[in-house]
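Coordinate inspection notes
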Amino acid sequence: MKTWVSYVLFIGIAIFTEVISGALTSGSMKTYELLQKPPLTPPGILFPIVWTVLYLLMGIGAARIYQTGAAEVRQALILWGIQLAVSFVWSLIFFNAGAFLAAFLWLLLLWGLVLAMILSFRALDRTAALLQIPYLLWITFAGYLNVSIWRLNP
């Protein structure tokens, strides 16, 4: 696959996931706004901006991995796809179901998958792995927000 096509494909998959997730959870945003939130909660406008950047980095990283042509590409991209699906489901658990404890436990699974993906990427392309570090940091911060919301909104 040509270089630019792989970038378009993987970034497109990541952004499409974000768009569908946003569409499915948009009806829950008014409820979210009413929740008690911890002191370090960023303004709401920041979330879609950060997630868009993270999905772009995910797509760029996956395209770089694909282009290595190494034997381990399939395993690395399977991890990429699984973590993307788990991230998608987290939004539904947290926002639509309002199951904050379950969402936090699901987020722990996501955190582990993203770490595994980073390690898998690192074996093939160091830059692709480094591009995922902001995602892991954001998920760590999301864990703080998630567990705090669960504790503040019994």
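Residues numbered from 1 in each chain as written. Predicted model: local features only at pLDDT ≥ 70, side-chain atom pairs only at ≥ 80, totals over all residues. Heavy atoms only, no water.

All right, on to the overall build of the chain then. Counting its secondary structure elements, the chain contains 7 helices and 0 strands. Start at the N end of the chain and walk to the C end: the helices and strands fall as α-α-α-α-α-α-α. Taken against the 2.2 N^0.38 rule, which gives 15 Å for 154 residues, the C-alpha radius of gyration of the chain at 16 Å falls within 12% of a compact globule. For the chain, the spread of C-alpha atoms along the principal axes amounts to about 50 × 25 × 20 Å. Counting only residues that meet the buried cut, the chain has 42% of its 154 residues in that class. Taking the intrachain contacts of the chain between residues at least 6 apart in sequence as the baseline, contacts between residues at least 24 apart amount to 79%. Approximately 8,200 Å² of the chain is accessible, and the part contributed by carbon and sulfur atoms is 72%. For the chain, the separation between the mean place of its 8 positive charges and that of its 4 negative charges on side chains is 2 Å. (Helix = DSSP H or I, 4+ residues; strand = E, 2+ residues; numbered from the N terminus. Rg over C-alpha atoms; globule rule 2.2 N^0.38 Å. Buried < 20%, exposed > 50% of the residue type's maximum accessible area, 1.4 Å probe, protein only. Contact = heavy atoms within 4.5 Å. Areas by Shrake-Rupley, 256 points an atom, 1.4 Å probe, with all protein chains shown as cover. Lys, Arg positive; Asp, Glu negative; His and termini not counted. Charge placed at Lys NZ, Arg CZ, Asp CG, Glu CD.)

Compared with the 33 Å implied by 1.5 Å per residue over 23 residues, the 33 Å span of helix 1 (residues 3–25) between its first and last C-alpha is a close match. Residues S6, F10, A14, T17, E18, S21 and T25 constitute the buried set of helix 1. If you follow the buried residues of helix 1, they end up packed against helix 2 (29–34), helix 3 (46–68) and helix 4 (73–96). (Expected span 1.5 Å × (residues − 1).)

This brings us to the side chain of S91. With respect to the element layout, S91 can be found in helix 4. For S91, a relative accessible area of 11% translates into the label buried. Of note is the side chain of S91, whose polar atom sits 3.3 Å from the side chain of S21. In this view, S91 contacts S21, T25 and N96; residues no more than four positions away in its chain are not counted. (Polar contact = N/O pair within 3.5 Å; in protein donor to acceptor, adjacent residues only side chain to side chain.)

Between its first and last C-alpha atoms helix 7 (residues 133–152) spans 29 Å; for 20 residues at 1.5 Å apiece the expected length is 28 Å, and the two agree. Looking at the buried side of helix 7, the elements it contacts are helix 2, helix 3, helix 4 and helix 5 (100–122).

Counting across every chain of the model gives 13 aromatic pairs. Between W90 and F94, the aromatic rings sit 4.9 Å apart at their centres with planes inclined by 20°, giving stacked as the arrangement. One end of the pair, W90, and the other, F94, are both in helix 4, 4 residues apart, so they sit about a helical turn from each other. A network of ring pairs unites the aromatic residues Y32, W90, F94, F95 and F100 as a single cluster. (Phe/Tyr/Trp six-rings, centres within 6.5 Å; stacked < 30°, edge-to-face > 60°.)

The description of two packed helices rests on the angle between their axes and on the distance between the axes. Packing of helix 4 against helix 5 leaves a shortest axis separation of 9 Å and a crossing angle of 160°. Here helix 4 lies roughly antiparallel to helix 5, going by the angle between them. With respect to the hand of their crossing, helix 4 and helix 5 are arranged in left-handed fashion. Of the residues that constitute the contact of helix 4 with helix 5, the class distribution is 22 nonpolar, 4 polar and no charged. (Axes fitted to C-alpha atoms, helices over the stretch in contact; angles between N-to-C directions. Parallel < 35°, antiparallel > 145°, perpendicular 65-115°, else oblique. Left-handed = near helix turned anticlockwise from the far one by under 90°. Nonpolar A, V, L, I, M, F, W, Y, C, P; charged D, E, K, R; others polar.)

Let us now look at the packing of helix 3 against helix 4. For the pair helix 3 and helix 4, interaxial distance at closest approach is 9 Å and the crossing angle is 160°. Relative to helix 4, helix 3 is oriented roughly antiparallel. In the packing of helix 3 onto helix 4, the handedness of the crossing is left-handed. On helix 4, the residues touching W51, Y55, M58, G59, A62, I65, Y66 and T68 of helix 3 are V73, A76, L77, W80, Q83, L84 and S87. Class assignment for the residues of the contact of helix 3 with helix 4 results in 11 nonpolar, 4 polar and no charged.

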